[in-house]
Amino acid sequence: MTISLIAFAIVITLVLLRVPIGIAMGTVGAIGFVYLRGGRWSAGLGPAADSILDVTQNDALSVIPLFIFMGMLIAQSGMAHDLYRAAYAAVGRLPGGLAMSTILACGGFSAVSGSSLATAATMSQVALPSMRKFGYHDSLSTASVAAGGTLGILIPPSIILIIYGFLTGQSIGKLFLAGILPGILGIVLYLFAVAFVVWRKPEAGPAGAPMSGHEARQSLIRVIPILVLFVIIIGGIYGQIFTADEAAGVGAFGAIVISVIIGRFTWQGLVDALAQTVKTSVGLFVLLIGADIFNRLVTRAGLPGDLLDFVQGADFGPFTILAMIVLVYLLLGAVFESLSMITLTVPVFAPLIASLGFFEGDVTGEMSLIWFGIIVVVVTEISLITPPIGLNVFVLRSVVKDVSTATIFKGVTPFWVADIIRLALLIALPAFALVMPMGVVSFAGP
C-alpha cells in the first residue's frame, strides 16, 4: 500500500504543477513498475507497453472518436440554435423562461455532444445574448448555462461514462441507458431551481416575448431530426438492435445525413469537425493509456485489496462506505478537474463497491458498479460548478469576460443544491439508474 500512496501523492503533485493527467499517471506508473522489478528498465516498462497495446486495440473504445465526431458535426451545423428556439417555443413566455429554455436546450445538445464543456461553450453563445436582451441578471443567465452544461457528461452519449466503462469493465450500452432517467431528473430539478430564483426575485428573469403559432411549429419541426437521431441511438441500444460501438457509427453517419438534409452541410465544416475530433480523441486516448498504466501499478502494489481488508476489518456498513466515498468525491471535486478525479479514484473504489453486495442476486457486482457509475458522474457534475475549480464556470468566464467569477458561482448555488438533491435521490432510489438497463432491482439490506 505504501508504494501506491506514494504514487498517488506524486501524481497529484504533478497535476497541481499543470502536468497533463495522462502523462503524469503514465510516467509514475511506468517508473513505479521499474522500481518494483528491481530497477530493471526492460522488465519494468513491459506493463506500459502492454497498456498501450490494450487501449489502442480495444474495439469498444471506437465509440469515443465516433461520438465526438457526431457532436462536433452537429455543433458545426448550428443545430444548437434550433434546440434553443424549440425550447423557447415551449417555455419562453414563463417567468424565467429564457433560463428554462437554456436548460432544456443544454439537455438536448448534451444528447448529441457528450461533453459538458462543449455544451457550456456552445450554449453560452446561443442563449446569453437573448437573456441579456431581456434584462436577465448576470447571475441567473450565466449560471443556467454553466449548470445546464453539466448535463453533457451524463445524458448519453457521455464520454465520461465511456471512460468509466473502460476503467471498470462495464457495458457502455448499459451505462448509457442508466444515465437517461437521472439526466431527465437533473433537467427537471434545474427547471425548479430557475423557478425558485424568479419566485424570489422576479426581476432576475422576466418572461420572454411571445412566439407566434407558426414560428413555434417551425421551431419544433427543425429539432425533429435531432430527436430522431437520439431515439435511433438509444432505442437501438435499448432494443439490442446494435451495440454501443455500432450505435456510435450510426450516430456519426446520421449526423452527416441530417446536416445534408437540412442544407447545412459544408466541406469546411466536415474538415473542422474531423480536425477537432482527432485533437480531442488523441487527448482522451493519452489519458486512458496513462490511467491503464497507473492502475496496473496500483493493483500490483495491492491497494484495492488492502482497502477492502481495512473496510472489512472496520466493519463499516455498505451505505456508510458509500457515504464516505461520496464525501471524498465532493471534496476532491472542489480542487480537481473531473477526468483527473475519475481516472485516479474509480479503479480503487470500484472493486470495493462491487464487493459490498448492495443488491440481491448481484453476484458479479454489475448492478452496483453501474449504479455507482451514475453516482460518480453526478458528483462530477457537481464538481463542474463547485468553487474554486468549477471548470464550467471558468469556461463561461472565458466567453463572458464582463461577468465576474464570483457572480457566476453565486448564481449556480440553487443549481448546486438541486444536484445534491438528485444525488440523494439516486442513492436512496437506485431504480432511477437501474430500471432501464437492469429492470427491477431491490436492495440486499442495510
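Quick caveat: nothing in here was measured; it's all calculated off a predicted structure. (Residues numbered from 1 in each chain as written. Predicted model: local features only at pLDDT ≥ 70, side-chain atom pairs only at ≥ 80, totals over all residues. Heavy atoms only, no water.)

Draft legend 1. Summary view of the pattern of salt bridges. In total, this model carries eight salt bridges according to the counting rule given. The partner of Asp419 in a salt bridge is Arg422, with the nearest N and O atoms 2.6 Å apart. Of the two residues, Asp419 and Arg422 are both situated in helix α22 (residues 413–428); the distance of three residues between them amounts to about one turn of the helix. Each member of the pair, Asp419 as well as Arg422, carries the same accessibility label: buried. (Salt bridge = Lys/Arg side-chain N within 4 Å of Asp/Glu carboxyl O. Helix = DSSP H or I, 4+ residues; strand = E, 2+ residues; numbered from the N terminus. Buried < 20%, exposed > 50% of the residue type's maximum accessible area, 1.4 Å probe, protein only.)

Draft legend 2. Geometry of helix α13 (residues 224–238). For α13, built from 15 residues, the straight-helix expectation of 21 Å at 1.5 Å per residue is met to within 8% by its first-to-last C-alpha distance of 20 Å. Looking only at α13, the buried set comprises Ile226, Leu229, Ile233, Ile234, Gly236 and Ile237. Each buried residue of α13 sits inside an arc of 160 degrees when the element is viewed along its axis, so together they form one side. On its buried side, α13 packs onto α5 (63–76), α6 (79–91), α7 (97–113), α11 (172–200) and α14 (244–261). Gln240, located one to two residues past α13, shows a positive phi value of around 60 degrees. (Expected span 1.5 Å × (residues − 1). Arc of directions from axis to C-beta. Contact = heavy atoms within 4.5 Å.)

Draft legend 3. Just the packing of α7 against helix α8 (residues 116–133), in detail. Running from amino to carboxyl end, α7 crosses α8 at an angle of 155 degrees, the nearest separation of the two axes being 10 Å. The angle between the axes of α7 and α8 places the two elements in the roughly antiparallel class. Remark: the crossing between α7 and α8 carries right-handed chirality. Contact residues: α7 offers Leu98, Ala99, Thr102, Ala105, Cys106, Phe109, Ser110 and Ser113, while α8 offers Ala118, Thr119, Thr122, Met123, Ala127, Ser130 and Met131. (Axes fitted to C-alpha atoms, helices over the stretch in contact; angles between N-to-C directions. Parallel < 35°, antiparallel > 145°, perpendicular 65-115°, else oblique. Left-handed = near helix turned anticlockwise from the far one by under 90°.)

Draft legend 4. View of the side chain of Thr277. Mapped onto the elements of the fold, Thr277 is located in helix α15 (residues 267–301). Sequence-distant contacts of Thr277, that is, excluding residues within four places in its chain, are made with Pro65, Ile68, Phe69 and Met72.

Draft legend 5. Geometry of α8. An ideal rise of 1.5 Å per residue puts 26 Å on 18 residues; α8 measures up with 25 Å between its terminal C-alpha atoms. Within α8, the full set of buried residues consists of Ser116, Thr119, Ala120, Met123, Ser124, Val126, Ala127, Leu128 and Met131. Lining the buried residues of α8 we find α6, α7, α9 (138–149) and α20 (391–399). Gly135 lies just past α8 and shows a positive phi near 80 degrees.

Draft legend 6. Focus on a nonpolar patch on the surface. Taken together, Ile23, Val278, Val282 and Val286 make up a surface patch of nonpolar side chains, about 320 Å² in accessible area. A per-element tally of the nonpolar patch places α15 first, with three residues. The residue Val286 is located in helix α15 in this model. Residue classification places Val286 among the partly exposed positions, given a relative accessible area of 36%. (Patch = residues over 30% accessible without salt bridge, like charges linked within 9 Å, V, L, I, M, F, W, Y side chains within 5 Å. Areas by Shrake-Rupley, 256 points an atom, 1.4 Å probe, with all protein chains shown as cover.)

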